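# Close look at the chain arrangement
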Amino acid sequence: MRHTRVIVTHYGGPDALRVVEEECPEPKIGEVRVRVLAAGVSLPDIMAREGVHPETPPVPFTPGWDLVGVVERLGAGTSGIEPGQIVAAMPIHGAYAEFVCLPQRELIRVPSGLDAAEAVSLVLNYITAYQMLHRSAKVKPGQRVLIHGAAGGVGTALLQLGRLAELEMYGTCSSRGAPAVSGLGGVPIDYRNQDYVKEIHRLASEGVDAVFDPIGGAHLWHSREALRPGGRVVGYGLISSIRGEGLASGRPGRRQRFRGSAVFGLYIAGGWLLPGRKRVVPYSIQTLKRLKPAWFRQDLIALLDLLQQKKIKPLIAQRFPLAEARNAQELLGKGGVIGKIVLVPNEPSLESGAV
Ligand SMILES: NC(=O)c1ccc[n+]([C@@H]2O[C@H](COP(=O)([O-])OP(=O)(O)OC[C@H]3O[C@@H](n4cnc5c(N)ncnc54)[C@H](OP(=O)(O)O)[C@@H]3O)[C@@H](O)[C@H]2O)c1
């Protein structure tokens, strides 16, 4: 049987993406073959294509951090799982494909009746948001938080989960994202036309308890100024390395996986050394998953439960067929996307759920 997958042929711009057709992969011992129903498209995919994400594999590779799919074939040595079951996984790369083989231990069962695109949004974006809120910042009801990139994939997840946690929320976004941010319970701050530190001190005089910062670089330092004493900045991304301060697309590509991490280290150390009891702490979903795999599983199950109860509703910006992965990444790379972009290689929704 043949299938289609997308590969990154070299580090660089969207022209590095190719659609290839080849023999379907066969599951090895302990592996399961999954037919992908939905694969998330995220900035980390673009950063890996550009060669600047710490998890960038050698080329050629298939991008795709997260997927929801249906179990299709079992390898030897698997048990307690059956063809037809709906599962989610975060392979970090490999999800832009019709079929993918994964170790059984990486799969988490998805309850029946959920939309595949909504369910896949939970894997990278909502786990990131949930763990930053509850495991890094340890927020309490009534606390104030500032969410940067609040209209984006992780940003909208932070707003929905922050509302459930009864937080007072402020969110930076461009003017296009403001209605979405206020609709999800945040006070929008237009980062292009306003100084968010001044705005925060005007609206919440002492400052906020936590800032969630995906921009990175010198931005982390500015975020720190929005904190009240005792607060913390959770730094979790480097949008500045692909937009604004240094768009990598079009350059002759090299793998530069640790480009932004050194700067990160300086700000973290500075947070400890400077007076004011204001810390900068890093968050990485893949590092925490490796250190605490049970948390990842437990947190995804809790989020799937919230989705089933309709307490959260991921915003799906657009669904693209697998063959249009390049258009999907170009759209996300340009900015201004509200919510999550999803590739739907097969059906757009989960019909039958688990067997
Ligand atoms: N550490 C982790 O474990 C982890 C996990 C998941 C994601 N991430 C990181 O999180 C970041 C966001 O990912 P995503 O998939 O949510 O991306 P996304 O959907 O593209 O969202 C990013 C948002 O940031 C906004 N933005 C850009 N520059 C900004 C600025 N200077 N100030 C405020 N907002 C700004 C964009 O708004 P406009 O387009 O309107 O400007 C956009 O809404 C990425 O850097 C990614 O690598 C990290």
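One structure accompanies this document, and this report is about it.

About the criteria used
- Residues numbered from 1 in each chain as written.
- Predicted model: local features only at pLDDT ≥ 70, side-chain atom pairs only at ≥ 80, totals over all residues.
- Heavy atoms only, no water.
- Salt bridge = Lys/Arg side-chain N within 4 Å of Asp/Glu carboxyl O.
- Buried < 20%, exposed > 50% of the residue type's maximum accessible area, 1.4 Å probe, protein only.
- Helix = DSSP H or I, 4+ residues; strand = E, 2+ residues; numbered from the N terminus.
- Near = heavy atom within 4 Å.
- Polar contact = N/O pair within 3.5 Å; in protein donor to acceptor, adjacent residues only side chain to side chain.
- Areas by Shrake-Rupley, 256 points an atom, 1.4 Å probe, with all protein chains shown as cover.
- Nonpolar A, V, L, I, M, F, W, Y, C, P; charged D, E, K, R; others polar.
- Axes fitted to C-alpha atoms, helices over the stretch in contact; angles between N-to-C directions.
- Parallel < 35°, antiparallel > 145°, perpendicular 65-115°, else oblique.
- Left-handed = near helix turned anticlockwise from the far one by under 90°.
- Contact = heavy atoms within 4.5 Å.
- Pairing = 2+ DSSP bridges.
- 1 Å grid on protein atoms, 1.4 Å probe; cavity = no way out; pocket = protein on both sides within 12 Å on 5 of 7 lines; lining within 4 Å.
- Points joined across faces, edges and corners; volume = space filled by probe spheres on them.
- Arc of directions from axis to C-beta.

In this section: the pattern of salt bridges. A side chain with one charge may pair with a side chain of the opposite charge, provided their charged atoms come close. According to the stated counting rule, one finds 17 salt bridges in the structure shown. When the shortest N-O distance is used, the salt bridge between glutamate 26 and arginine 33 registers 3.2 Å. The exposure class assigned to arginine 33 is buried, which follows from its relative accessible area of 3%. A salt bridge links glutamate 55 to arginine 290; the shortest N-O distance between them is 2.9 Å. Of this pair, glutamate 55 sits in the loop between α1 (43-50) and β4 (67-74) while arginine 290 sits in helix α9 (residues 285-291), placing them 235 residues apart in sequence. Overlapping salt bridges, with partners in common, bring together Glu26, Arg33, Glu72 and Arg73 in one network.

Ser174, Tyr191, Tyr236, Ile285 and Gly336 are the nearest of the 27 residues found near the ligand. Measuring from an oxygen atom of the ligand, one finds a backbone N or O atom of glycine 152 at 3.3 Å. Contact between the ligand and tyrosine 191: an oxygen atom at 2.3 Å from a side-chain N or O atom of the residue. Isolated, the ligand exposes 930 Å² of accessible area, and the fraction of that covered by the protein chains is 92%. Mapped onto the shell around the ligand, the elements with two or more residues apiece are α1, α2 (116-136) and α3 (153-164). Per-element tally for the shell around the ligand: the top contributor is α1, with three residues. Classifying every residue of the shell around the ligand gives 15 nonpolar, 10 polar and two charged.

What follows concerns the packing of α2 against helix α10 (residues 293-308). Running from amino to carboxyl end, α2 crosses α10 at an angle of 115 degrees, the nearest separation of the two axes being 9 Å. Our classification of the angle between α2 and α10 gives roughly perpendicular. With respect to the hand of their crossing, α2 and α10 are arranged in right-handed fashion. For the pair formed by α2 and α10, the contact residues are Glu118, Ala119, Leu122, Val123, Tyr126, Ile127, Tyr130, Gln131 and Arg135 on the first element and Trp295, Phe296, Gln298, Asp299, Leu300, Ala302, Leu303, Leu304 and Leu307 on the second. Considering only residue class, the contact of α2 with α10 consists of 13 nonpolar, two polar and three charged.

Axis angle and axis distance: for two packed helices, these are the angle between their axes and the distance between the axes, and together they describe the pair. At a minimum axis separation of 10 Å, α1 and helix α11 (residues 325-334) run at an interaxial angle of 105 degrees. Classed by the angle they form, the pair α1 and α11 counts as roughly perpendicular. Every residue of α11 that contacts α1 at Leu43, Asp45, Ile46 and Arg49 is listed here: Gln329, Leu332 and Gly333. A per-class count over the contact of α1 with α11 returns three nonpolar, two polar and two charged.

The strand order across the open sheet built from six strands is β10-β9-β8-β11-β12-β13, with neighbouring strands paired in parallel fashion. Of all strands in the sheet, those bounded by a partner on one side alone are β10 (186-190) and β13 (279-282). Sheet twist, expressed as the mean angle between neighbouring strand axes with direction ignored, is 20 degrees. With four bridges joining them, strand β12 (residues 227-235) and β13 adopt parallel strand pairing. Bridge pairing links arginine 232 to arginine 279 in β13.

Inspection of the entire model under this criterion finds two cavities of 30 Å³ or more. Lining of the largest cavity is provided by Pro44, Asp45, Ala48, His53, Glu55, Pro57, Phe61, Pro63, Gly64, Trp65, Ile92 and His93. A breakdown of the residues in the lining of the largest cavity according to their chemical character gives seven nonpolar, three polar and two charged. The computed volume of the second largest cavity comes to approximately 40 Å³.

Turning to helix α5 (residues 196-203), its buried residues number three or more, namely Tyr196, Val197, Glu199 and Ile200. Projected onto a plane normal to the axis of α5, the buried residues spread over an arc of 160 degrees and lie on a single side. Away from the buried face of α5 by more than 90 degrees, exposed residues Lys198 and Arg202 are located. The elements touched by buried residues of α5 are β8 (144-147), β9 (168-173), β10, β11 (208-213) and α6 (219-225). Sitting at the head of α5, aspartate 195 places a side-chain oxygen 2.9 Å from the backbone nitrogen of valine 197.

These values are about where atoms sit, not about what they do.
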